[in-house]
Amino acid sequence: MLNNFNSGQFDFNSFLETKLNELKSDGRYRKFIEIDKNAKTFPVFSYTDSKQEIKSAVNWCSNDYLALSTSDKLIQATLECASQYGIGSGGTRNISGSTILHQKLEKKLADWHQQESALLFNSAYQANLTTLSTLGRHIPDMVFISDEENHASLIEGMRSCPNTKIIFKHNDLSDLESILRTLSPTQPKIIVFESIYSISGTVAPVREIISIGKKYHALTYIDEVHAVGLYGKDGSGKIEEFNLNTEVDFINGTLSKAIGTFGGYISASAKWIDFIRSFASGFIFTTSLPPAICSAALFSIEEIVFNQKLRNHFFKNVSLLRSKLDEAGIPYRGIDSHITQLVIGEAIKCKQISDHLLSFAGIYVQPINSPTVPKGQECIRITITPRHSFDQIHSLVYHLKGVFTDNIILSGRSSMLSKVQIGKVRDKINAVMPWIKTEENYIDTRGDQLTDIPLHTQEGTDFFTDNLSEALKNKEIDIAVHSLKDLSSEHFFGGTKFAVVDRDEVRDVAIFNEKIADLLRAGEKIRIGTCSFRRESLAGDFLKKVLPAYGQKINIEILPIRGNIDTRLKKLSEGRYDGIILAFAGINRMLTSVEHREYFKLLLSTKRMMVLPLLDCTPAPCQGAIAAESSPQNERASYILNCINNIELYQDCTNEKKIASEYGSGCIQKFGVTTVKFGAQTSVYAHGIDSNNNEIDTWYGLKDIRLNISNFDIINSDELGFVAEKTILVSDIPIPSKAVFISHIAAIEMPYIDFSNLRVWTAGIETWIKLAAKNIWVEGCADSLGFNSIFSILNTPLIDIQNDITVLTNEESAERWTEDNIKAIATYSIHYKSDLIDKYKLKSARLIFWSCFAHFNHLKEILPAGVLHSCLPGKTAELLRKEGHQPILFPTKKAFNQWKKKYIQVPSVA
Ligand code: PLP
C-alpha cells in the first residue's frame, strides 16, 4: 500500500503514478490517435504513426452517422452565422447567452419530438447528468429504476444524488416489473433507459417499458442519443418510429452524433422543462452553445427531415456491411440497430487486433474494453456512414475475416536450418498479428531423403518443396516455410501463394579447411565440394584467380556434396573435401540462432573462408530469401502471408526469377541472377552461361539514359592522361584492428604490413587478384560498389568485423573516412601532373565517367560548362553529390562501357 503521507505531505506524484500504472497494467489506459480530419475526404483521414510517418486510414468508429459534420451546406451555414454572431455566445442563458437561434433550435427540437418544449445543454452527457440529478435533488423520494447497461452520463446523474437506485437486468421486462411491483403507487419513481444501447447496439422494448411505467405510475426517461437523426419518419428517433411521442415523459438527445454538430438537449412537457430550466445548476451556470452551432443544428435537422435519401443510403450501407459479414462468416451483434459489434472477448487481443487493422490495413476501429463493457465482452464496435464506399466496406470485411484467426500450423523441412527459418516466420507473425498462436511440425522432403545423391541425376524438380505442397493441398498444414530458391520456376509462377518474409545476405561463401594454404603452397589439387553447376562453373574459375598461389599452378577439382549445412561442414572437417561452397545466408542464420550458434561456431572454428563476390560468382535467383507458402484456397493463411510479406523483397525475388527463367530453369544451370542496389537504383544482374551455352553478362533495369551526344564526347577520366606521383607516407604500419579494407592496391605497394593475422577485404576484384599474387588471403570484396555496400555483411555474425576494420587508402581519402568515423590509415599520397592532361579531350567532353574522385577534384575548376558526370556507386558518387552534382551511376565499369556502346547515338551531320 502506498504511503502518501511520507515526510508529512501527501505525495501526489506517486499517487498519480500508481493510479495511472494500474490502468496501464490492466490494458485500460487510453491513448488517443490524433486524427487529421478532412471534411472533403471523410471517412478517410490522416494521422502520424508511432514512427512519425504520415498515414491515412478509414474511420470505422465515428458517431457522425450521416457524415453531416462534413456537409458543405452545414459548413457554409456555420461560417455565415459565425461571421454574423461571432464564435462564442458570451454568456449563460440567463446572462446574455440566449440568442434567437437558441430559442429557434429549442422550438425546432420540441416540434421534431412532438413535445411541448425542449432545453439545450452543452452535451447530451450534461443533459443526462443535470436533469437526473436535479430530479433526484428536488424530489428526494424519487426512486431511479435503471437499466444495467445505461450510459455513464445517466449513471452519474443518478449517482450524484442520494436517492434510491434500483437496477433492472438489461431490457428485461419481467425484472423491471418485479421491481416496480415492490414500490408503492404513491412513491415517486422514474424508469431510466436508452432506446439504442451505444456499444452493444441492442434496442430496448420501448413500448413495453413505457406501458409498464404507466401501469406502475412511473415516469419514463429515454436516452435517444444513438437514435436521433436516424429512426422514424422524420428521423427524430425510436420514440417517433414507435409513435410514442405523447407517452414518454423525457427524451434525451444529442446534436453531436447523427446531427453532426455539437450539444445536447432534453425534450418534455412545458412544465418539466420549465422546472429543469429553473432549478438545474448544470443548465443555469454554464455558457450557452455558440450561436453558429445552433444555426448548424437547425440546418442539419432540416436536412434529416427532408433528405430521406441520405438516411436510406445510411441504412443500405449498414445492410451491405452485414451481408458481407454474413458471407464472410463473421459473427456480429447489434442486429436490431445500426451499430455492429464484433465480440473479441479479451482486452489485450482486442487492442492487438485494432492496432493491426490500423497499421496494416488503414482501418481505424476502437477497441471497447472494460469498464465500458464487462470483462470477457471486449469488442470492436463498427459504425458506418453514407460516405463509406463499397470498396471500403469490402476491404474492411476482407481484413476482419483475416484477423479472426486464432491458430495456424507452420511446417517445413526437418533440417536445423528449416527450423530456424520457421522461427523467423513465427516471429514475423507474432510481430504483426501477436494474438495468433502457431503450432509447428516438420516434414521429411524427397530432397532430404535422397541423401548423398546429386539431385540433378534424379527426375523432377521441387525436391525440397513438393512434399510440403502436398501437405498444404491436403490441408494438413497452413503455411509451409522454405528457402525461396528451392521453388522451381513452374512452382514459383504456377499460381501458388507465397510471401517473402526475410532475406539474408545473398552471396555464396567458400569455406576451407585450415590446411588449405599448405596445399596451395605444395601445388596440390584442391577438392571443392558443391552440387551446383552454377557454383562449379562460376566459383571454380574465380577461385583459381584469387586463391594465393605461392608460385604454383592452382588445380581445382569439383566434387559433388549433398546434405544439410551441418552435414556438409562435417564432411569438410572430416577431410573429404578441402573446401565447400555454401550459401552465406544459411550459415549466417544458424549463427544467429541461440540454439545452434555454439555448435556452428565449433564447426567453423578452424576454417578459412572467402565470401564470393556478387558480380563474378553471381548468386542463384532468390538466394537467401525465406518464403512462407500457403494454398490460395486457405484464405486465413493467405491473409497472414499478405501481412508478413516484404513487398520489396518479393518484388526483387520475382524479378530475379523472371529473368532467370529466360535463360533456363532447374538445378543444372550455370548462371546466377541477383538484385544489385546502388544509389537509389535497383538493377538485376545476370551472369554465367545459359542453357544454350551462351555467355550472359547483362544488367536489367539500369536507368534508361539516352543522350543525343557522340560516343567520342563520353570519356573515362582515366583517358585524360593522369599521371599520378605517389609518395609513400608510411612503411611499417601497425594495424589497429583485426581487419583491413584495401581501397586500392597502391595502399600496400610499398608499406610493410604483416597480413598473417589480418582479415583482408578489398574494394574490388582487381585489388583482390593482385593481393592473391602477393600470396595474401582475401576474405571478400565490395564488388567496386563502395565500402558502404558491404557494411551489412561485415556486421553479420559470420564476418563480424564492422567495428574492427581499418581502411587503407591515400591521404585525401583517409581524411574523409575519418570524418565519417571510420578508422582509416593513409599509406600514400597522390599528386597529379597537370601538364600531361589532354586539355583538348577534356574541352570536348560532354560526359565524364570519373574513375576516382581525385580526378574530379583536380580538374573541377576547368571542366567544360554543362558537362555530365558519371561514376560507380560508393565514395566517388557520394563526394560528387556533396559538390552539388547528380552523377549518373553505373554498377560496374563494364556496365558503363556496355551502356556507352548501346545507347549513345551519333548525332547526324548537319
Ligand atoms: N448517452 C449515450 C447513450 C451516449 O452514448 C452518449 C455519448 O456517447 C451520451 C449520452 C453523451 O452524448 P454527448 O456526446 O452529446 O455528450
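Computed from a prediction, not measured in an experiment: that's the story for all the values here.

Enquirer: Before we go on, may I ask you to explain the overall build of the protein in this structure?
Expert: Assigned secondary structure in the protein consists of 32 helices and 36 strands. Against the globule reference of 29 Å for 910 residues, the protein gives a C-alpha radius of gyration of 38 Å, more extended than a compact globule. Along the first, second and third principal axes, the C-alpha set of the protein runs to 115 × 75 × 70 Å. Scored against the burial criterion, the 910 residues of the protein give a buried share of 55%. In the protein, the proportion of contacts linking residues at least 24 apart, taken out of those at least 6 apart, comes to 69%.

Enquirer: Any chance you could explain the sheet that holds strand S13 (residues 379–382) here in plain terms?
Expert: Adjacent strands of a sheet pair through backbone hydrogen bonds, lying either parallel or antiparallel. The strand order across the open sheet built from three strands is S10-S13-S12, with neighbouring strands paired in antiparallel fashion. Edge positions in the open sheet fall to strand S10 (340–343) and strand S12 (367–368), since each of these has one partner strand only. The pairing of S10 with S13 spans four bridges and is antiparallel. The residue bridging glutamine 341 from the neighbouring strand is arginine 381, located in S13.

Enquirer: What am I meant to see in the site of the ligand here?
Expert: Taken together, 15 residues surround the ligand, and among them Ala124, Asp223, His226, Thr254 and Lys257 come closest. One nitrogen or oxygen atom from the main chain of tyrosine 125 is found 2.9 Å from an oxygen atom belonging to the ligand. Contact between the ligand and threonine 254: an oxygen atom at 2.7 Å from a side-chain N or O atom of the residue. Within the shell around the ligand, the residues separate by chemical class into three nonpolar, nine polar and three charged.

Enquirer: Explain the side chain of threonine 806 here, please?
Expert: If you trace the backbone, threonine 806 turns up in strand S32 (residues 805–810). With residues near it in sequence (within four places) discarded, threonine 806 still touches Ile735, Pro736, Ser737, Ala739, Val740, Phe741, Lys823, Ala824 and Ile825.

Enquirer: Just checking my understanding: could you explain the side chain of lysine 238 for this structure?
Expert: One can find lysine 238 in helix H8 (residues 238–241). Overall, lysine 238 belongs to the buried group, its relative accessible area being 4%. Not counting residues within four places of it along the chain, the set of residues in contact with lysine 238 comprises Ser195, Ile196, Val203, Glu224, Ala227, Tyr231 and Asp336.

Enquirer: Please explain a nonpolar patch on the surface as it appears in this structure.
Expert: On the surface, Phe10, Phe12, Phe15, Leu16, Leu20 and Tyr29 cluster together into a nonpolar patch covering about 540 Å² of accessible area. Examined against the element boundaries, phenylalanine 12 turns out to sit in helix H1 (residues 12–25).

Enquirer: Can you walk me through helix H24 (residues 635–644) in this structure?
Expert: Within H24, seven of the 10 residues are buried, which leaves the element mostly enclosed by the surrounding structure. Among all positions in H24, only Ala637, Ser638, Tyr639, Ile640, Leu641, Cys643 and Ile644 are buried.

Enquirer: What am I meant to see in the pairing of strand S5 (residues 165–168) here?
Expert: The side chains of a regular strand alternate between both faces of the sheet. With four bridges joining them, strand S4 (residues 143–147) and S5 adopt parallel strand pairing. Bridged to serine 146 within S5 is isoleucine 167. In this region the chain leaves S4, passes through helix H5 (residues 152–159) and returns to the parallel neighbour S5; the handedness of that crossover is right-handed.

Enquirer: How should the packing of helix H15 (residues 416–432) against helix H22 (residues 584–592) be read in this particular structure?
Expert: To characterise two packed helices, one gives the angle between the axes of the helices and the distance between these axes. Where H15 contacts H22, the axes come no closer than 10 Å and their chain directions differ by 70°. As summarised for this structure, H15 and H22 are arranged roughly perpendicular, according to the angle between their axes. In this structure, H15 uses Met416, Leu417, Val420, Gln421 and Lys424 to contact H22, whose residues at the interface are Gly586, Arg589 and Met590. Considered class by class, the residues forming the contact of H15 with H22 number four nonpolar, two polar and two charged.

Enquirer: I keep staring at the sheet that holds S5 and nothing clicks. Help me out?
Expert: Taken in spatial order, the seven strands of this open sheet run S3-S9-S8-S7-S6-S4-S5, and their pairing is mixed. One side of each edge strand has no neighbouring strand; the edge strands of this open sheet are strand S3 (117–121) and S5. Sheet twist, expressed as the mean angle between neighbouring strand axes with direction ignored, is 20°. Relative to strand S9 (residues 264–268), strand S8 (residues 250–254) runs antiparallel, the two sharing four bridges. Across the sheet, residue glycine 253 finds its bridge partner in S9, namely tyrosine 265. In the packing of H5 onto the sheet, the strands contacted are S4, S5, strand S6 (189–194) and strand S7 (219–223), and the crossing angle to S6 comes to about 160°.

Enquirer: For this particular structure, what's the right way to read the packing of helix H4 (residues 124–138) against helix H9 (residues 270–279)?
Expert: Direction vectors running N to C along H4 and H9 enclose 85°, while the axes themselves pass 10 Å from each other. The angle between H4 and H9 falls in the class roughly perpendicular. Note on element contacts: H9 touches H4 through Trp272, Phe275, Ile276 and Phe279, opposite Thr131, Thr134, Leu135 and His138. Considered class by class, the residues forming the contact of H4 with H9 number five nonpolar, three polar and no charged.

Enquirer: For this particular structure, what's the right way to read the environment of phenylalanine 306?
Expert: On the secondary structure map, phenylalanine 306 appears in helix H11 (residues 291–306). Here the alpha-carbon distance between phenylalanine 306 and lysine 233, two residues 73 residues apart in the chain, equals 9.9 Å.

Enquirer: Would you explain the packing of aromatic side chains in this entry?
Expert: Here a ring pair, both rings aromatic, is described through the centre-centre distance and the interplanar angle of the planes. The full count for this structure, using the stated rule, is 33 aromatic pairs. Look at phenylalanine 45 and tyrosine 364: their rings are 5.6 Å apart centre to centre, the planes differ by 75°, and that puts the pair in the edge-to-face class. Linking phenylalanine 45 in strand S1 (residues 44–48) with tyrosine 364 in strand S11 (residues 363–364), this pair joins segments that are 319 residues apart in sequence. A relative accessible area of 5% means that phenylalanine 45 is categorised as buried. The exposure class assigned to tyrosine 364 is buried, which follows from its relative accessible area of 11%. Seen from their ring centres, tyrosine 398 and tyrosine 639 are 5.4 Å apart, and the 65° between their planes marks the pair as edge-to-face. Here the residue tyrosine 398 occupies a position in helix H14 (residues 390–403), and tyrosine 639 occupies one in helix H24, the gap between them amounting to 241 residues. An aromatic cluster is present here, built from Tyr221, Phe250, Trp272, Phe275 and Phe279 joined pairwise through their rings. The ring of tyrosine 29 carries lysine 24 above its face, with NZ or CZ at 4.5 Å from the centroid. We note arginine 521 situated over the ring of tyrosine 550; from NZ or CZ to the ring centre the distance is 4.3 Å.

Enquirer: Would you mind showing me how to read unusual backbone geometry here?
Expert: A cis amide bond links phenylalanine 42 with the next residue in sequence, proline 43, at an omega value of 10°. Relative to the assigned elements, proline 43 resides in the loop between H1 and S1. Serine 370 connects to proline 371 through a cis peptide bond whose omega is 10°. Structurally, the position occupied by proline 371 is in the loop between S12 and S13. The backbone of serine 96 sits at a positive phi, close to 70°, despite the residue not being glycine. Mapped onto the fold, serine 96 is located in the loop between helix H2 (72–85) and helix H3 (100–112). Serine 96 sits in the exposed class, given a relative accessible area of 57%. Even without being glycine, asparagine 243 reaches a positive phi, approximately 55°.

What counts and how
Residues numbered from 1 in each chain as written. Predicted model: local features only at pLDDT ≥ 70, side-chain atom pairs only at ≥ 80, totals over all residues. Heavy atoms only, no water. Helix = DSSP H or I, 4+ residues; strand = E, 2+ residues; numbered from the N terminus. Rg over C-alpha atoms; globule rule 2.2 N^0.38 Å. Buried < 20%, exposed > 50% of the residue type's maximum accessible area, 1.4 Å probe, protein only. Contact = heavy atoms within 4.5 Å. Pairing = 2+ DSSP bridges. Near = heavy atom within 4 Å. Polar contact = N/O pair within 3.5 Å; in protein donor to acceptor, adjacent residues only side chain to side chain. Nonpolar A, V, L, I, M, F, W, Y, C, P; charged D, E, K, R; others polar. Patch = residues over 30% accessible without salt bridge, like charges linked within 9 Å, V, L, I, M, F, W, Y side chains within 5 Å. Areas by Shrake-Rupley, 256 points an atom, 1.4 Å probe, with all protein chains shown as cover. Salt bridge = Lys/Arg side-chain N within 4 Å of Asp/Glu carboxyl O. Right-handed = clockwise from strand over helix to strand, strands pointing away. Axes fitted to C-alpha atoms, helices over the stretch in contact; angles between N-to-C directions. Parallel < 35°, antiparallel > 145°, perpendicular 65-115°, else oblique. Phe/Tyr/Trp six-rings, centres within 6.5 Å; stacked < 30°, edge-to-face > 60°. Lys NZ or Arg CZ within 6 Å of the ring centre and 35° of its normal.

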